[in-house]
Amino acid sequence: MPPEHTSGHPPLPFGSWPSPISTADVVRGDLRPGYPTVLAGEIWWEEDRPAEAGRRTIVHHAADGTRRELLRAPWDARTRVHEYGGRSYTVAPGVGVVFANHADQRLYLLPADGSGGPPAGGAGGLDPRAITPEPETPSGLRYADLTVHGDEVWCVQERHAGGGKVIRSIVSIPLRGDAEPRQRAAGSDFYAFPSVSPDGEHLAYICWDHPRLPWAGTDLRVTRLDGGGSRRLMGGASESVLAPGWKDASTLYAISDRSGWWNLHQVGIHDASPRALHPAEEEFAWALSELGGAPYAVLGDGGLAVLHGRGDLRLSVLDPETGALTELGLPYDGWVPCLSADGSTVCGVAYGPRLPRSVVRVDAAARRERATPGDTGGGTGPPRPGAYGRAEVLRRGAGALPDPGYLPVPRPVEIRSRFGRRVHAYVYPPANPSVTTGDAAPPYVVSVHGGPAAHSVAALDLRTAFFTSRGIGVIEVNHGGSTGYGRAYRDRLQGHWGVIDVEDTIAAAEWLLSDGHADPARIAIRGTGAGGWTAMAACCASGLFCGGVAIAGVSTLSALAASTHDFESRYVEWLVGPDDPLLYASREPLAKTGQIDCPMLLMQGQDDPIVPPSQSEAFVAALTERGVPCTYLAFEGESHDLRRAETKTAILAAELSFYLQLFRP
């Protein structure tokens, strides 16, 4: 329904509401904290610096509560393995922090000084030193999924051998940096989650080969490090296994979707008879796109801190012996699968409608009558009596927040698409406590996530609030193919990209009209990456949208398969099918530009290895030839994730200007 009428002031047009949230507020606070590590009372995590060309640093939170940045410019802790990267660092107790530097992709060791290591590059500070060789090809050797065992770093190595050939393996690297990386597992196209057994005799890992993607099918393998060979314990072409971790020297934990849901299992390395620890129609993980995440962590008493749920994941403690799952009842709506634990302390990245993604520390053993929201978890409901777990926000993912009245609270909805298919979405209505709205229905933007094997979550995002506080509603669609709702839901998209995602997104727009949520003449659509494809295709398929925004959007399939990065180079086969001109033309937006009459705004990083700029350029040229209004913004020096403050500012400003023109009464 339209926003409630507030008496005492004349109504203001939607889109013109005075908002305290500026582009600078959104960009300045976009810290994206991630991948925390907790050890002996100290905590480390990654954090972005948009104002410093988007580089990423490592932050250290000492046991005494002091916090400092370990890497100063020009150091940039980012790995380019799979181009999506992931966790870029690991902690070597008593030795220092090992990280991948973005400029050359080599591993560096920042020595410890007894307190986590001093800032690098500063007066009196210790500079990082390289521990991997300089490759013949610039950035030709890349490393990710780092873990320390003994005096070595174990990780995934990605070798760019020239001619587009990419070779991956698992290697170990001496922390001293006095020897070449030693290959420990090889022969598959992809690797993830290297983990050495407590006795040092076995290596567990995940691997898979083209044309599979890790959310479709992987293998869990264990290799004897004395040269005794390897064996597959779980997995296959239709089973996605993730995150192996050792219970003891002969038993592993791993997450598998063999039941149709990513559930946590236990398996012995000699008997290979997996046992589900807590069978449930819930997900205990997200899709593996970035390397180095951790959807569960082993506690000091043998229990497991786990994440589970549908869509958003909540934090609980699982007893692996009984299968009992105890929810902590913390005031957060969701957690990112990047947990770390030491004793009873759990550290992760949590969020809620009043809390952007933030680093949170939890004492999982602190039983209380009632978990205290304390410093504002931002969840939608109070914790239950009898919950246990004491939480503290260590670092918010945004700067100062405005009055809560300007922050929209998402409402989860279930929509029916074509043939009665269920579609999940979050609705963010316009929110501004100082405005009288009148009785008119507001404009809305239908937002489609990237991936497409990803999903939108109920986290506070100042980008969304930037629009809703100005009187523009947003609905985020988790169309068929999204993760978070079981294997059958994400497998809907297999062979049907450009059909299921488009139909489900159009259904979300139709739902907005069903009860007068939105003005029928003022519904726009936007998406990034795969979401950009869906936004463009939806504008081809329906006249519901008065305009569309595509950021790094895919417009044509054969060219994408020929030019995208190795990780997803066979993805089009799974999403649509083998290269067939008629089939591809029936799906791709570039072949259907004759059906678009609404204005379009396209934006693109010029150094994007995932969706090359030619995808946007071809679409813009086709619309321009037909005289369809189309604006194209290209950003030099930007990759797929568009990291720089000036780029983020320009994108927000361009989107707002575009919507205001579309939604003009």
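Just above sits the structure.
The structure displayed is predicted, hence computed values, not measured ones.

Calculation criteria
Residues numbered from 1 in each chain as written. Predicted model: local features only at pLDDT ≥ 70, side-chain atom pairs only at ≥ 80, totals over all residues. Heavy atoms only, no water. Axes fitted to C-alpha atoms, helices over the stretch in contact; angles between N-to-C directions. Helix = DSSP H or I, 4+ residues; strand = E, 2+ residues; numbered from the N terminus. Parallel < 35°, antiparallel > 145°, perpendicular 65-115°, else oblique. Contact = heavy atoms within 4.5 Å. Nonpolar A, V, L, I, M, F, W, Y, C, P; charged D, E, K, R; others polar. Phe/Tyr/Trp six-rings, centres within 6.5 Å; stacked < 30°, edge-to-face > 60°. Lys NZ or Arg CZ within 6 Å of the ring centre and 35° of its normal. Pairing = 2+ DSSP bridges. Buried < 20%, exposed > 50% of the residue type's maximum accessible area, 1.4 Å probe, protein only. Polar contact = N/O pair within 3.5 Å; in protein donor to acceptor, adjacent residues only side chain to side chain.

Engineer: Explain the packing of helix α4 (residues 500-514) against helix α5 (residues 530-541) to me, please; I cannot follow it from the model alone.
Structural biologist: If you want to describe how two helices pack, look at the angle between their axes and the distance between the axes. It is the contact of α4 with α5, at a shortest axis distance of 9 Å, that shows an interaxial angle of 70°. Relative to α5, α4 is oriented roughly perpendicular. Residue-level inspection shows D501, V502, T505 and I506 of α4 in contact with α5, the latter providing W533, T534, A537, A538 and A541. Across the contact of α4 with α5, the residue classes break down as six nonpolar, two polar and one charged.

Engineer: How should I be thinking about the packing of aromatic side chains in this particular structure?
Structural biologist: By convention here, two paired aromatic rings are described through the distance between centres and the angle between planes. Within this structure, the stated rule accounts for 19 aromatic pairs. With centroids separated by 4.2 Å and ring planes inclined at 20°, the aromatic side chains of W497 and W533 adopt a geometry described as stacked. Residue W497 is found in the loop between α3 (487-491) and α4, and its partner W533 is found in helix α5; the two are separated by 36 residues along the sequence. Here a set of aromatic residues connected by ring pairs shows up, and it is made of Y84, F190, W208, W215, F567, Y571 and W574. Here the basic side chain of R87 rests over the ring of Y89, its NZ or CZ set 4.6 Å away from the ring centre.

Engineer: Would you mind going over the sheet that holds strand β14 (residues 202-208) with me for this structure?
Structural biologist: Note on sheets: strands pair through backbone hydrogen bonds, and any given pair is parallel or antiparallel. One open sheet accounts for four strands, arranged β13-β14-β15-β16; its pairing is antiparallel. At either end of the open sheet lies a strand with only one pairing partner, and these are β13 (190-196) and β16 (230-235). Averaged over all adjacent pairs, the angle separating strand axes in this sheet is 25°, with direction ignored. One ladder, built from six bridges, connects β14 with strand β15 (residues 219-224); its direction is antiparallel. Residue L203 lies in a different strand from β15, and its bridge partner there is T223.

Engineer: Would you mind showing me how to read the sheet that holds strand β18 (residues 251-256) here?
Structural biologist: Read from one edge to the other, the open sheet built from four strands follows the order β17-β18-β19-β20, with strand pairing classed as antiparallel. Each edge of the open sheet carries a strand with a single partner, namely β17 (241-248) and β20 (275-276). Looking at chain direction, strand β19 (residues 263-268) and β20 are connected through two bridges and run antiparallel. Residue pairing across strands places H265 opposite A276, the latter belonging to β20.

Engineer: Please clarify how the pairing of strand β25 (residues 334-342) should be interpreted in this entry.
Structural biologist: Within a regular strand, side chains alternate between the sheet's two faces. The buried count for β25 comes to seven of nine residues, which makes it a mostly enclosed element. Relative to strand β26 (residues 345-352), β25 runs antiparallel, the two sharing six bridges. Each bridged residue has a counterpart across the sheet, and for W335 the counterpart in β26 is A350.

Engineer: Please explain the environment of E283 as it appears in this structure.
Structural biologist: You can see E283 is positioned in the loop between β20 and β21 (296-298). Of the residues examined, E283 reaches a relative accessible area of 0% and is grouped as buried. A sequence separation of 23 residues divides E283 from G260, and the C-alpha atoms of the two residues are 9.3 Å apart. Residues contacting E283, with those up to four places away along its chain left out, are W261, W262, L307, H308, G309, L313, G484, Y485, G486, R487 and R490. Within polar-contact distance, the side chain of E283 engages the backbone nitrogen of W262 at 2.7 Å. Engagement of the side chain of E283 in a polar contact is seen with the backbone nitrogen of G486, the distance being 3.1 Å.

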